[in-house]
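# Commentary on secondary and tertiary structure
One-letter residues, chain by chain:
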Amino acid sequence: EQEPNGGMLPRLGFTLGDPAGCGAELAIKLLSETDTLERGWLRIFGDLELWCRTADGLHAVETPRLAVVHSLEELAAAESSGATERHYFVAEPSLHPSSPVPPGVASQEGGKLVLRTLTVAVDAHKRGLIDGLLFMPVRCLGRAFFVHVPRLPLGCMWSTGSGSQTALPACS
């Protein structure tokens, strides 16, 4: 295990998906029920209020401990300073909805938030702050998410929403 900005463990970016959907819940459950926390340095991008509200509603699930930063600059500074935190929540102000997003209802505000979140996460990749990106579902019907870590093969996972998942073969 080495420092995130020069080492072996990948820095994995996660987005929470549609704020009206189940992405935050899926992310919290994924990070609490698997060894994901040991496989990389996590960078979660999204609305911190949504994350906390969802975590509070999942009483039986242990929520991962995350240091909170409010900009990519703050994340870069933390990494370069040799901070001991492994996992960060990037809560840029632009990633908080400007108006309430009702659960279970697709909305223009929710779509804009998804786009802003993906834009920040892609910018983090361009700046060398993450090595790969996983995005939670935009809608919780059928859902696809994608992970790319440059040192690992490209892959894709498709979930039908019925609980079954199919890993597609590596594409590169």
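This one's a predicted model, so the numbers in the text were calculated from it and none came from an experiment.

## What to know about the packing of aromatic side chains
Scanning the entire structure with this criterion turns up one aromatic pair. Ring centres 5.6 Å apart and planes at 55° place the aromatic pair W51 and F89 in the tilted group. Of this pair, W51 sits in helix α3 (residues 48-57) while F89 sits in strand β4 (residues 88-90), and the two are 38 residues apart along the sequence. Residue classification places W51 among the buried residues on the basis of a relative accessible area of 4%. When the ring centre of W41 is taken as reference, the NZ or CZ atom of R86 above it lies at 4.9 Å.

## Things to note about the pairing of strand β2 (residues 41-45)
Of all five residues in β2, five are buried, a share of seventy percent or more. The side-chain alternation of β2 yields two buried faces, one formed by W41, R43 and F45 and the other by L42 and I44. With three bridges joining them, β2 and β4 adopt parallel strand pairing. When the bridges of β4 are listed, I44 appears paired with F89.

## Description of the nonpolar core
Within the largest apolar cluster, 19 residues are counted, with the highest numbers of intra-cluster contacts made by F14, L16, I44 and W51. Top element by residues in this core is helix α1 (residues 23-33). It accounts for four residues. Not counting residues within four places of it along the chain, the set of residues in contact with W51 comprises L16, A24, A27, I28, L31, I44, T63, P64, L66 and F89. In terms of nonpolar packing, the next biggest core, distinct from the first, is built from 15 residues, F45, L72, V90 and A124 among them.

## Some remarks on the layout of surface pockets
Using a probe with the size of a water molecule, rolled over the atoms, empty space left in the structure can be pinpointed. The space that makes up the second largest pocket amounts to roughly 270 Å³. Taken together, 19 residues line the second largest pocket, and the ones lying closest to its centre are P19, L50, R53, V101 and P103. Those elements giving two or more residues to the lining of the second largest pocket turn out to be α1 and α3. When residues in the lining of the second largest pocket are grouped by element, the largest group, four residues, is from α3.

## Concerning the confidence of the model for the protein chain
Summarising the model, the protein chain shows a mean pLDDT of 76, and 73% of its residues fall at 70 or more. Low confidence marks residues 1-5, where pLDDT is under 50. Its contacts with residues over four positions away, or in another chain, come to 16 contacts. Within the model, the stretch residues 140-172 combines pLDDT values under 50 with 61 contacts to residues more than four positions away or in other chains.

## Focus on empty space enclosed by the protein
Within the structure shown, the criterion is met by one cavity of 30 Å³ or more. Estimates place the volume of the largest cavity at around 110 Å³. Examining the composition of the lining of the largest cavity, we find that four residues originate from one element, helix α5 (residues 108-126), more than from any other.

## Details of helix α4 (residues 72-80)
Of the residues making up α4, those classed as buried are L72, L75, A78 and E79. Seen along its axis, α4 keeps its buried residues to an arc of 120°; they face one direction. Tucked into the core, α4 has its buried residues touching β1 (11-15), β2, β3 (67-69), β4 and α5. Where α4 ends, the next residue or the one after it, G82, has phi of about 80°, a positive value.

## Focus: the environment of A78
With respect to the secondary-structure elements, A78 resides in helix α4. A78 sits in the buried class, given a relative accessible area of 15%. In sequence terms A78 and Y88 are ten residues apart; their C-alpha atoms lie 9.7 Å from each other. Among residues more than four places away in sequence, those in contact with A78 are A83 and Y88.

Conventions we followed
Residues numbered from 1 in each chain as written. Predicted model: local features only at pLDDT ≥ 70, side-chain atom pairs only at ≥ 80, totals over all residues. Heavy atoms only, no water. Phe/Tyr/Trp six-rings, centres within 6.5 Å; stacked < 30°, edge-to-face > 60°. Helix = DSSP H or I, 4+ residues; strand = E, 2+ residues; numbered from the N terminus. Buried < 20%, exposed > 50% of the residue type's maximum accessible area, 1.4 Å probe, protein only. Lys NZ or Arg CZ within 6 Å of the ring centre and 35° of its normal. Pairing = 2+ DSSP bridges. Core = buried A, V, L, I, M, F, W, Y, C linked by side-chain atoms within 4.5 Å. Contact = heavy atoms within 4.5 Å. 1 Å grid on protein atoms, 1.4 Å probe; cavity = no way out; pocket = protein on both sides within 12 Å on 5 of 7 lines; lining within 4 Å. Points joined across faces, edges and corners; volume = space filled by probe spheres on them. pLDDT = per-residue confidence, 0-100. Arc of directions from axis to C-beta.

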